[in-house]
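# Structural description and commentary
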Amino acid sequence: DFETEPNDDRFTADQLSMLEGTPGLLSGFAHGEVDSDNSDFFTFSALAGDQVSIAVDSEYLGFDPQVVFRNSAGGQLLQDSNSGPDRSSLTSVFTVETTGQFYAEVLGQNTSEAGAYELRVDIAREIQLESDANYFNDSFATANALNYINSGNIRNASIAGTLMEAENSNRDEDLFRLGLLNAGMTLTLSTATPTSSSVSPIVEVVNGNGEVVADGD
């Protein structure tokens, strides 16, 4: 999507097209350009229980965007300015309590800043969404815990995430805590990527000593 002016407040916000790229993950994208002393608003709907994260990447070296996640009344839910790579914004994950309409506001760090940007809104529905602001889940200590659903003798978990660009020497690796695995258990892992993604993910199982566990197949 491309922004259409005027979209300077929630009453004139541009509607984001939220599309399901992989099962349970809906994403909406928009390109825009914010003027100095101005904001761009985008709107989307979410259901109770959805998990939401918003990212804004600068398309101009001198522009440092920030993003504000707002509820239907305009109240601030989340705000971020530099938790993504370099000058990019990436909010933490917000779990929606009540179904409704929500807003993403894009603006500069101060009233004199202007520049082009790309907005991305991710909604995880009936699956988890990784928490990776400031490369948060890049270590064993901060790995995102998986929420399993039991079905007889089988436990299933699904989580969606994004591999961000490196920031200087800091490459983005996403770690997820599998929990206690007993001898004799069979573990199956799989990944799926939307058609818009250029990532070819590599998945490894690592034990508590940091050693890669050999694939038994």
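So, here is what we can say about the structure in this document. (Residues numbered from 1 in each chain as written. Predicted model: local features only at pLDDT ≥ 70, side-chain atom pairs only at ≥ 80, totals over all residues. Heavy atoms only, no water.)

## Remarks on unusual backbone geometry
To keep it simple, the criterion reads: Only DSSP runs of H or I covering at least 4 residues are called helices, and only runs of E covering at least 2 are called strands; the numbering of each starts at the N terminus. Remark: exposure states derive from per-residue accessible area (1.4 Å probe, protein chains only) relative to the maximum for the residue type, with buried under 20%, exposed over 50%, and partly exposed in between.
Residues Glu5 and Pro6 are joined by a peptide bond in cis, for which omega reads 0 degrees. Relative to the helices and strands, Pro6 is located in the segment before β1 (14-15). Although it is not a glycine, Glu126 sits at a positive phi angle of roughly 65 degrees. Summarising the element assignment, Glu126 is placed in the loop between β11 (115-124) and β12 (128-129). Accessibility expressed as a relative area gives 80% for Glu126, which makes it exposed. The phi angle at Tyr135 is positive, at roughly 55 degrees, despite the residue not being glycine. Counting through the fold element by element, Tyr135 comes out in the loop between β12 and β13 (144-145). According to the relative accessible area criterion, Tyr135 is buried, its value standing at 7%.

## Comments concerning the sheet that holds strand β6 (residues 65-70)
To keep it simple, the criterion reads: Between any two strands, at least two bridges found by DSSP are needed for them to pair.
Taken in spatial order, the five strands of this open sheet run β1-β4-β10-β6-β7, and their pairing is mixed. Two strands close off the open sheet at either side, each with one partner strand: β1 and β7 (76-80).

## A look at the pairing of strand β3 (residues 25-34)
In terms of burial, β3 is a largely internal element, seven of the ten residues being buried. Two elements, strand β2 (residues 19-22) and β3, share three bridges in a ladder whose sense is antiparallel. If you follow Leu19 over to β3, its bridge partner there is Ser27. Adjacent in sequence and paired antiparallel, β2 and β3 are bridged by two residues, among which Gly24 carries a positive phi angle near 90 degrees. Summarising the sheet, β3 and β11 pair through ten bridges and their orientation is antiparallel. Among the inter-strand pairings, Gly28 is bridged to a residue of β11, identified as Val121.

## Notes on the packing of aromatic side chains
In plain terms, the rule: Aromatic pairs are defined between Phe, Tyr and Trp rings, using the six-membered ring for Trp, whenever the two ring centres lie within 6.5 Å; interplanar angles under 30 degrees are classed as stacked, those over 60 as edge-to-face, and all others as tilted.
Enumeration according to the criterion identifies five aromatic pairs in this entry. Ring centres of Phe42 and Tyr117 lie 6.5 Å apart, and the angle between their planes is 80 degrees; on these two criteria the pair is classed as edge-to-face. Of this pair, Phe42 sits in strand β4 (residues 39-46) while Tyr117 sits in strand β11, and the two are 75 residues apart along the sequence. Taken individually, Phe42 and Tyr117 each receive the classification buried, so the pair is uniform in this respect. Pairing Phe44 with Phe69 gives two aromatic rings, centres 6.0 Å apart and planes at 15 degrees, and the pair type is stacked. On the criterion of sequence distance, the pair formed by Phe44 in strand β4 and Phe69 in strand β6 is long-range, its members being 25 residues apart.

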